[in-house]
Every structure is written in C-alpha cells, then in structure tokens.
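# Geometric and topological summary
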Amino acid sequence: MISILGNTRKADIIFYSSGQIDITARVAKLLALQHGDVVDVMCGGDEYYLYVKHRIPTVGRHEGMVFRSNIKGNHYRLWSKKLCSAILRECKVTDKVKLCVGTPVSLPVYGCALPIIIKYIIL
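Attention now goes to the overall build of the protein. Looking only at helices and strands, the protein has 2 helices and 9 strands in total. Of the regular secondary structure in the protein, the N- to C-terminal order runs β-β-α-β-β-β-β-α-β-β-β. Here the C-alpha radius of gyration of the protein, 15 Å, is about what a compact globule of 123 residues would show, namely 14 Å. Here the protein, with 123 residues, has 40% of them falling under the buried criterion. Sequence separation of 24 or more characterises 54% of the internal contacts of the protein that already satisfy a separation of 6 or more. Across the protein, the mean location of the 17 positive side-chain charges is 7 Å away from that of the 9 negative side-chain charges.

What follows is the structure, given as structure tokens:
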C-alpha cells in the first residue's frame, strides 16, 4: 500500500524566480507583520533567518515591503529579486522553492526571527 498524501507538511514561505515572495498567515502572526513592514533574510553560515527589518511607519518605498495579498486574509506578499536569487541559489533550484520555518528565536538587535529550513524543500 502507498500513501496518497505522502508528505503532509505545508510550506510557510515560497520564493519565486520573478522576485515574488509569499508569506503564510502563520508566519505573519509569528512576526506580527503589518501592511508596510519591511522584511529581510539574514544569513549566518548555514542558517537563514526571516525577520522584520523596519516596522511601519516607514518613509518612502523599500525593497522587501510587505503587502496583503488579499484584503480579508492575513497572508502577505513582497517582491525582492535579490532575496529570491540568494535563496534559490542556496537551494539549487531555478523556478520556485517552498520552504518551512522553524520555532521563533530572539536575536539580539533584530528581535524575533524565524529560522528558514533550507534543507527541507517541499515539493
């Protein structure tokens, strides 16, 4: 017998080669994201962390500024070709990659951050 579902874990964040990044409601709640916040990915050796770089109110336009992808939902979307290229290169993928995040950690200076699990790609 073979399982039809196989892997039941859903992705928390999706990076596309176009520069689009989709963030699920679960991640948005963990980071307390609001429309207009600026997010960034921090790299330290083999570890990658998603964190909020600037909270609203931010003056001007920024790369990595999040916008609600649906007025009624709590999932967000942002565009950053630089972030997507770095993650896709690290995952050795060209089109898109679906990844999970770990338990929130508190980093000195940056506050709450979510470790991105690069080695576990969801198909």
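Here Ile56 and Pro57 are connected by a cis peptide whose omega angle stands at 5°. Following the sequence through the fold, Pro57 ends up in the loop between strand 4 (47-54) and strand 5 (67-68). Backbone geometry at Val109 places phi at a positive 75°, although glycine is not the residue there.

The next thing to look at is the side chain of Asp40. Secondary-structure assignment places Asp40 in strand 3 (residues 38-44). Within the local environment of Asp40, its side chain forms a polar contact with the side chain of Lys53, the two groups lying 3.4 Å apart. Discounting chain neighbours no more than four positions away, the residues touching Asp40 are Tyr49, Leu50, Tyr51, Lys53 and Leu83.

Parameters at a glance
- Residues numbered from 1 in each chain as written.
- Predicted model: local features only at pLDDT ≥ 70, side-chain atom pairs only at ≥ 80, totals over all residues.
- Heavy atoms only, no water.
- Helix = DSSP H or I, 4+ residues; strand = E, 2+ residues; numbered from the N terminus.
- Rg over C-alpha atoms; globule rule 2.2 N^0.38 Å.
- Buried < 20%, exposed > 50% of the residue type's maximum accessible area, 1.4 Å probe, protein only.
- Contact = heavy atoms within 4.5 Å.
- Lys, Arg positive; Asp, Glu negative; His and termini not counted.
- Charge placed at Lys NZ, Arg CZ, Asp CG, Glu CD.
- Polar contact = N/O pair within 3.5 Å; in protein donor to acceptor, adjacent residues only side chain to side chain.

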